[in-house]
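Survey of secondary and tertiary structure
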Amino acid sequence: MTSPKFWKYATLGAALLPSLAHADSIPSTPPVNFTNSSSASVGSTIVNILDSYTHLMQADPRLRNGAGVMEQNYLTVVRMTQERTPAQTLAAIHDDRTSQPYSVLNGLGPLTSSFMTGIGSSTTATPPASLTPTSYQVTTLQDYDASAHGINYLNSATIGFTAFGDGTATPLAEAATFLNTTIRNNASTEPPKRTFERYMGSTTPVVNPASITSGVISPLDARYGNYNAVSNKAGLSVADTAQFVVPTYFSSFAVPVAYYNTLNWVRGFAVTPALVAANGGQPITVPDVGSFDASGNFTPVQFGAGDFVPGIGTAPRPFRLSTKVKVPTLLWQIANGTNPYGDGAFVSGHTNLAYNQALGLAFLVPQQFESLLVRAADLGNNRIFAGMHAPLDVIGGRIEATAIVATNIYGALYGPFGNRLDWTNSANASAYAIYQAHMKTQKYLAQSCGTSTVEECLKRTGGHRDDDDRDHRDGRDRRDGWDHDRDGFDYNLDPDDIRGYTYRMTYGLALAASMKLPETVPVQAQVLLLTRFPYATDEQRTEILRSTALPAGFALLDGNTWDGWGRLNLYAAVRGHDSFFRAVKAATGQ
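Residues numbered from 1 in each chain as written. Predicted model: local features only at pLDDT ≥ 70, side-chain atom pairs only at ≥ 80, totals over all residues. Heavy atoms only, no water.

**Re the overall build of the protein**
From N to C terminus, the protein includes 21 helices and six strands. Each of the 590 residues in the protein was classed as buried or not, and the buried ones make up 58%. Pairs at least 24 residues apart make up 74% of the contacts formed inside the protein by residues separated by at least 6 positions. For the protein, the accessible surface area stands at approximately 22400 Å², while carbon and sulfur atoms represent 52% of it. (Helix = DSSP H or I, 4+ residues; strand = E, 2+ residues; numbered from the N terminus. Buried < 20%, exposed > 50% of the residue type's maximum accessible area, 1.4 Å probe, protein only. Contact = heavy atoms within 4.5 Å. Areas by Shrake-Rupley, 256 points an atom, 1.4 Å probe, with all protein chains shown as cover.)

Okay, structure coming up:
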């Protein structure tokens, strides 16, 4: 068992010094860098972290309950949206329209207002003029009405800035740089979205205009993004979508009459004079391709003879796949009705950015690591309540964010051969900047609270639980609450119960064919725990992750080209020794 000292937070910078460096080379699988870009002209290898999704699309393997993975994936959205409460509707709208970096700030709990004040958080894209007491903006459904703030309320909200409007530096300027630049570097979900929404049978990185098949445009080609069913009807043709793979699970859902068959539903089709004649001489219209007003009323685009009618692609949003998915009325007006091919669901960009910023905040404020993870998980869950994403989309967003954040921090703190840089030395500029971001954030939050440490502040505000003094209640004091997602209690109602977070890592999508795969921990992953367990070595933090990882056998968590990210249960890992499945070697105190 571990030494109690191992689990305590460091109060001195010396505790964060790197341990003895080692000269071994970094493994090439998984790689320590990912090629990623938000530009359609650049190929991306980030899809290799998520490419087991293509097997699910093409085979729809069975779950332990006998249902197909993808069928259950989407039926979960149907059930959740149909059973959604008014409070869940508000949460879904809030997390859809609020910028994700701002949205997850309340995961800091009692520290939220102090942090927002120090970093200059803003409900707009404009920084405060000077240091201004700031609180997290709580919304109501009425706020999003056109007669109030409108549907884009908080859409431009900002986590913070390096400088106030008067030009003076914010107290948490280094934290702003860390969150807005270091953590978000190459963090876009656009290349995976394009690859999976226009899947053509391969996830091999492509660079426009090159493609997988000679003469066929790449799934990353800008023509897909530029297509518009109103203003650019001729932007795509049947030939451009002819290579789209038709997912097998589509057969579980009813094909809209206008598409006639599943092939047309995925790829689109060309309107012929015969089709117009069969429609009583009227233009062809299809579901969800058109415009929605603020009341959710739909006006379809009309397609005449010779026009190309878009399909829904190979990884569509849930509401395109089933009319049983109930999107909140207020959100219909922002649905993409002009380009289904540019509006893929896998992976969830909202969830990716939510976890991205939550993990960045957790690195700066490890005392609130658990709370921030739960907040990111809730935001992902709200994407399902919104009908905009299915569970696998949300799981994919978490996986990508975990890999990107760990890789970005690792790249700044480690040399090319895996040697930890001295981040207290200003000569190591990138590493030193992260050290300053962490230490200054800790100092500012403590001072704002009138205490010497953040731990003391949280004890004063009632928001702190000692590592060695957890109350294992086994749910006896849990508030009454029923979560229809899993036919049981919502374990997130109990902050001492890890089952809620763990459930949302998988949504119960356990495969019938049990896999006996080892816990592969990517070399970069341990850096996520650096400030949480500063006394541990890299190897010990890696062992913590290995000892708390989920077992094999859940959809999407295993079987990817670059594996290991999906099964990391950071929530269990940061809780310490009471979460371990196996004994962990004791750390050497400093």
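**Examining the environment of T140**
Turning to its location among the elements, T140 is positioned in the loop between α5 (112–119) and α6 (173–182). Placed 47 residues apart in sequence, T140 and I93 show a C-alpha to C-alpha distance of 9.6 Å.

**Things to note about the pattern of salt bridges**
The tally for this structure, following the rule as stated, stands at 14 salt bridges. The partner of D221 in a salt bridge is R223, with the nearest N and O atoms 3.1 Å apart. For D221, a relative accessible area of 9% gives the class buried. Since its relative accessible area comes to 38%, R223 is described here as partly exposed. Its salt-bridge partner being E370, residue R575 comes within 3.0 Å of it at the nearest N-O pair. With R575 in helix α21 (residues 570–575) and E370 in helix α15 (residues 369–385), this residue pair connects regions lying 205 residues apart in the sequence. Residue E370 is classed as buried on the basis of its relative accessible area of 14%. In this structure, a network of salt bridges that share partners links the residues D96, R97 and R383. (Salt bridge = Lys/Arg side-chain N within 4 Å of Asp/Glu carboxyl O.)

**Thoughts on the confidence of the model for the protein**
For the protein, the average pLDDT comes to 85, and 82% of its residues sit at 70 or higher. Low confidence marks residues 1–14, where pLDDT is under 50. Its contacts with residues over four positions away, or in another chain, come to 42 contacts. (pLDDT = per-residue confidence, 0-100.)

**Brief notes about the layout of surface pockets**
Take a probe with the size of a water molecule and roll it over the atoms, and the empty space left behind shows itself. For the second largest pocket, the calculated volume is near 490 Å³. Around the second largest pocket sit 33 residues that line it, and E190, K193, R317, D343 and H350 are the ones nearest its centre. When contributions to the lining of the second largest pocket are tallied by element, the ones reaching two or more residues are α3 (86–97), α4 (100–103), α7 (190–197), α8 (222–226) and α14 (349–364). Considering each element in turn, the lining of the second largest pocket owes the most residues, four residues, to α7. (1 Å grid on protein atoms, 1.4 Å probe; cavity = no way out; pocket = protein on both sides within 12 Å on 5 of 7 lines; lining within 4 Å. Points joined across faces, edges and corners; volume = space filled by probe spheres on them.)

**Points about α6**
Within the sequence span of α6, burial applies to A173, A175, A176, F178 and L179. On the buried face of α6, the contacting elements are α5, α14, α16 (391–413) and α17 (429–449).

**Remarks on the packing of aromatic side chains**
The geometry of an aromatic ring pair is captured by the separation of the ring centres together with the interplanar angle, meaning the angle of the planes. Taken as a whole and assessed by the stated rule, the structure comprises 24 aromatic pairs. A centroid spacing of 5.5 Å and a plane angle of 80° characterise the contact between F244 and Y341, whose relative ring orientation is edge-to-face. In this pair, F244 sits in the loop between α9 (238–241) and α10 (262–267) while Y341 sits in the loop between α13 (329–332) and α14, placing the two residues 97 residues apart along the sequence. According to the relative accessible area criterion, F244 is buried, its value standing at 0%. Centre to centre, the rings of Y410 and Y414 are 4.3 Å apart; their planes meet at 5°, and the pair counts as stacked. For Y410, a relative accessible area of 5% gives the class buried. Among the aromatic residues, those joined into a ring-pair cluster are Y74, Y249, F250, F253 and W265. For R420, the ring lying beneath its charged end belongs to W423, and the centroid distance is 5.3 Å. (Phe/Tyr/Trp six-rings, centres within 6.5 Å; stacked < 30°, edge-to-face > 60°. Lys NZ or Arg CZ within 6 Å of the ring centre and 35° of its normal.)

**Digging into α14**
Residues that lie three or four places apart on an α-helix share one face, since the helix turns once every 3.6 residues. Its 16 residues give α14 an end-to-end C-alpha distance of 23 Å, which sits within 8% of 22 Å, the value for a rise of 1.5 Å per residue. Counting buried positions along α14 yields 16 of 16 residues, so the element is predominantly enclosed. (Expected span 1.5 Å × (residues − 1).)

**So, the state of the cysteines**
In the structure shown here, the tally under the stated rule is one disulfide. At a sulfur-sulfur separation of 2.3 Å, the disulfide partner of C449 is C457. Between C449 and C457 the disulfide shows an S-S torsion of about 90°. By sign, it is right-handed. The same class applies to C449 as to C457, namely buried. (Disulfide = S-S within 2.5 Å.)

**Observations concerning unusual backbone geometry**
A cis amide bond, omega 5°, links F346 with the succeeding residue V347. Following the sequence through the fold, V347 ends up in the loop between α13 and α14. Although it is not a glycine, D288 adopts a positive phi angle of roughly 65°. Its location among the elements puts D288 in the loop between α11 (273–278) and β2 (290–292).

**Overview of the environment of A403**
Relative to the helices and strands, A403 resides in helix α16. Overall, A403 belongs to the buried group, its relative accessible area being 0%. The sequence separation of A403 and Q524 amounts to 121 residues, and the corresponding C-alpha distance is 8.1 Å.

**Some points on empty space enclosed by the protein**
Per the stated rule, a full pass over the model turns up two cavities of 30 Å³ or more. Put simply, the second largest cavity is a space of about 40 Å³. Y355, L359, L373, R398, T402, Y501, L568 and L570 are the residues that line the second largest cavity. Listing elements by their share of the lining of the second largest cavity, those giving two or more residues are α14 and α16. Along the lines of polarity and charge, the residues of the lining of the second largest cavity split into six nonpolar, one polar and one charged. (Nonpolar A, V, L, I, M, F, W, Y, C, P; charged D, E, K, R; others polar.)

**Quick notes on the nonpolar core**
Of all hydrophobic cores here, the largest spans 154 residues; its most connected members are Y53, F303, L392 and L413. When residues of this core are assigned to their parent elements, the largest contribution, 13 residues, is made by α16. With near-sequence residues (within four places) excluded, F303 lies in contact with Y227, A229, K233, V271, P283, I284, V286, V289, F308, V309 and P310. (Core = buried A, V, L, I, M, F, W, Y, C linked by side-chain atoms within 4.5 Å.)

**Focus on the environment of T124**
Examined against the element boundaries, T124 turns out to sit in the loop between α5 and α6. The partly exposed category is assigned to T124, whose relative accessible area is 37%. Along the primary structure T124 and T158 are separated by 34 residues, whereas in three dimensions their C-alpha atoms are 6.3 Å apart. A polar contact of 3.1 Å, which involves the side chain of T124, links it to the backbone nitrogen of T126. (Polar contact = N/O pair within 3.5 Å; in protein donor to acceptor, adjacent residues only side chain to side chain.)

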